Amino acid sequence: MVESEAHKKYEFKRMLEALRDKRGRGTELISLYIPHDKQIHEVSSQLREEFGQASNIKSRVTRQNVTGAIESLLSRLKLIPKAPENGVVIFCGAVDIGANKTDMQTFIIEPPEPIVSYKYHCDSSFLLTPLEDMLHEKKTYGLIVLDRREATIGLLRGKHIEPMAHLTSTVPGKQRKGGQSSHRFQQLRLIAINEFYSRIGEAASEVFLGVDQKDLVGVFIGGPSPTKEEFQNGEFLHHEIQKKVIDLFDVAYTDESGLYELFDKLGDALQDVEVVKEKKYMERFLKELVSDTGLASYGEEQVRKNLEMGSVDTLLLSDELRKIRLTIKCNNCGFEEKKTITKKAGEEEYQPGNCKQCGSGLVIQESVDIVDELSTLADQMGTNTVFISNDFEEGNQLFAAFGGIAAILRFKTGI
Ligand SMILES: [Zn+2]
């Protein structure tokens, strides 16, 4: 089993998809978020209170389902002496399984990031937003907007801008007052500008060094010309931060609204940075596809063959891939076959039908997510596995045109 970050993220994403489809007949699905420092006995006593209140529910079926779910939660909690490091989430309730039936289902999840607040939530669907938020981008960008009078420093996380510092200068205007020598005036003005740039540099460095450096992808600077260029060329930022400056943009405002103006201008620059690695892999694959060396392969069967031969350098999997590899067997005559099916969460179980050899009913012996199957195979062969998102043209192409499965090869196999 591959335990890369990308793989964990993929699994987490899939699990949320499955939970998202689950519905209760009424307001009877319970979501329980328990942070690490919350005492379990406190949670239990709160649940017992909810149990008491549930007796007021008018609909008999809903009442029974809610109290049933709370009882089930209480018995689960007995097995958890203390919430794990990131806390624990328990989903429980009578899930509608069609054909006028419900099924009491429980899911226990250790989230990839800490749960911030305790939540007891009862609704016709499970509460997933706190977990969905964990899927969002952790990548952070530093933003600086400045002119000679004012500067604002902020952080961009995902699509969210946090203003962090605001500075104003005492740099005099270009017009000198009477009685002052022009030369002296210009000198003082330059010194004041330089001092202001230093203050901006220090404040920005402090803010950006406060971010986990592995999450700080880059810094963008906005402002009028030539101010922003002067600031960039003068290297007023901490040398580690200075290295991370990606680009400069013309921006008219230098207060908080300037940060938003800068963000609007980033557009493509930002998009490129986030998907740049995935894009490079896809470009390499597409280049190999048309070249004489032919170090490219795509399609499930072809790539699996190459993987088994050990000829795959990099396995490219679309993170939209939703397929299952089944091993189907006849218990009567021993006939066995493998089959890949597309399965969406909430769909009915696949029916394998009858044996081609003897006509008896076939059974599903094994059912594996194709991503697990292929990435395990890749692991055994020392192949690098890369997940490709659908958010850019080539990524979408991998999913739509190549079935979501492709490979860059170590040597040409013709498969
Ligand atoms: Zn058979």
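Below or above, wherever it landed, is the structure these notes cover. Here the structure is a predicted model, which is why all the values come from computation and not from measurement.

## Considering the overall build of the protein chain
When its secondary structure is counted, the protein chain shows 11 helices and 16 strands. The C-alpha radius of gyration of the protein chain comes to 29 Å, more than 25% above the 22 Å expected for a compact globule of 415 residues. Along the first, second and third principal axes, the C-alpha set of the protein chain runs to 105 × 70 × 35 Å. Across the 415 residues that make up the protein chain, the buried fraction comes to 26%.

## Thoughts on the nonpolar core
If you look at the biggest cluster of nonpolar residues, it comprises 25 residues, and the most contacted ones within it are Leu315, Leu316, Leu317, Leu374, Ala406 and Ala407. Residue assignment for this core shows that the elements contributing at least two residues are helix 8 (256-290), helix 9 (300-309), strand 11 (312-318), helix 10 (370-380), strand 15 (384-388) and strand 16 (405-409). Beyond its immediate chain neighbours, meaning those up to four positions away, Leu317 contacts Val371, Leu374, Thr385, Phe387, Ile388, Gly404 and Ile405.

## Things to note about the sheet that holds strand 11
The strand order across the open sheet formed by 4 strands is 10-16-11-15, and the pairing between neighbours is mixed. The open sheet has two edge strands, strand 10 (296-298) and strand 15, and neither has a second partner. On average, adjacent strands in this sheet sit at an angle of 20° to one another, irrespective of strand direction. Examined bridge by bridge, strand 11 and strand 15 share 5 bridges and lie parallel to one another. Residue pairing for strand 15: Leu317 is matched across the bridge by Phe387. Along the sheet, helix 9 contacts strand 10, strand 11 and strand 16; its crossing angle with strand 16, the most-contacted strand, is approximately 40°. Together, strand 11, strand 15 and strand 16 form the strand contacts of helix 10, whose direction differs from that of strand 11 by roughly 165°.

## A few points about unusual backbone geometry
Negative phi values dominate among residues other than glycine, just as trans dominates among peptide bonds. In the segment running from Ser225 into Pro226, the intervening peptide bond is cis, with an omega of 5°. Positive phi outside glycine occurs at Glu235, with the angle close to 50°. On the secondary structure map, Glu235 appears in the loop between helix 6 (227-233) and helix 7 (239-242).

## Remarks on the sheet that holds strand 1 (residues 29-34)
Strand order in the open sheet formed by 4 strands is 3-2-1-4, and the pairing between neighbours is antiparallel. The sheet is open, and its two edges are formed by strand 3 (101-109) and strand 4 (119-123), each paired on a single side. If you compare each strand with its neighbour and ignore which way they point, the axes differ by 15° on average. Helix 3 (residues 60-77) rests against strand 1, strand 2 (88-98), strand 3 and strand 4 of the sheet, and its axis sits at about 145° to strand 2.

## Some points on the environment of Ile405
Relative to the assigned elements, Ile405 resides in strand 16. Considering only alpha carbons, one finds Ile405 and Ile364, 41 residues apart in sequence, at a separation of 24 Å. Ignoring sequence-local partners within four residues, the contact set of Ile405 consists of Tyr298, Gly299, Glu300, Val303, Leu317 and Leu374.

## Comments concerning the packing of helix 9 against helix 10
Two numbers describe how helix 9 lies on helix 10: the axes approach to 8 Å, and their chain directions differ by 25°. It follows from the interaxial angle that helix 9 and helix 10 lie roughly parallel. Of the two possible hands of crossing, helix 9 and helix 10 adopt the one that is left-handed. Residues Arg304, Leu307 and Glu308 of helix 9 form the contact with helix 10, whose own contacting residues are Leu374, Leu377 and Ala378. Residue composition of the contact of helix 9 with helix 10, by class: 4 nonpolar, no polar and 2 charged.

## Re helix 3
Over its 18 residues, helix 3 runs 26 Å from end to end, which matches the ideal 26 Å to within 8%, given 1.5 Å per residue. Those residues of helix 3 that sit buried are Asn65, Val66, Ala69, Ile70 and Leu73. Viewed along the axis of helix 3, the buried residues span an arc of 130°, placing them on a single side of the element. Opposite the packed face of helix 3, turned more than 90 degrees from it, sit the exposed residues Arg60 and Ser75. Where helix 3 is buried, its residues touch strand 1, helix 2 (40-54), strand 2, strand 3 and strand 4.

## Regarding the pairing of strand 12 (residues 323-330)
Sheet analysis places strand 12 next to strand 13 (residues 336-342), joined by 7 bridges and oriented antiparallel. Directly across from Ile324, in strand 13, lies its bridge partner Ile341. Taking the residues between adjacent antiparallel strands as the criterion, strand 12 and strand 13 are bridged by 5 residues, where Gly334 takes a positive phi near 90°.

## A few points about the packing of helix 2 against helix 3
Interhelical geometry of helix 2 versus helix 3 gives an angle of 165° and a closest axis separation of 10 Å. Classed by the angle they form, the pair helix 2 and helix 3 counts as roughly antiparallel. The handedness of the crossing between helix 2 and helix 3 comes out as left-handed. Residue-level inspection shows Ile40, Val43, Ser44, Leu47, Glu50, Phe51 and Ala54 of helix 2 in contact with helix 3, the latter providing Arg63, Val66, Thr67, Ile70, Leu73, Leu74 and Leu77. Across the contact of helix 2 with helix 3, the residue classes break down as 10 nonpolar, 2 polar and 2 charged.

What counts and what doesn't
Residues numbered from 1 in each chain as written. Predicted model: local features only at pLDDT ≥ 70, side-chain atom pairs only at ≥ 80, totals over all residues. Helix = DSSP H or I, 4+ residues; strand = E, 2+ residues; numbered from the N terminus. Rg over C-alpha atoms; globule rule 2.2 N^0.38 Å. Buried ≥ 20, exposed ≤ 12 C-beta atoms within 10 Å, placed from the backbone. Core = buried A, V, L, I, M, F, W, Y, C linked by C-beta atoms within 7 Å. Contact = placed C-beta atoms within 7 Å. Pairing = 2+ DSSP bridges. Axes fitted to C-alpha atoms, helices over the stretch in contact; angles between N-to-C directions. Parallel < 35°, antiparallel > 145°, perpendicular 65-115°, else oblique. Left-handed = near helix turned anticlockwise from the far one by under 90°. Nonpolar A, V, L, I, M, F, W, Y, C, P; charged D, E, K, R; others polar. Expected span 1.5 Å × (residues − 1). Arc of directions from axis to C-beta.

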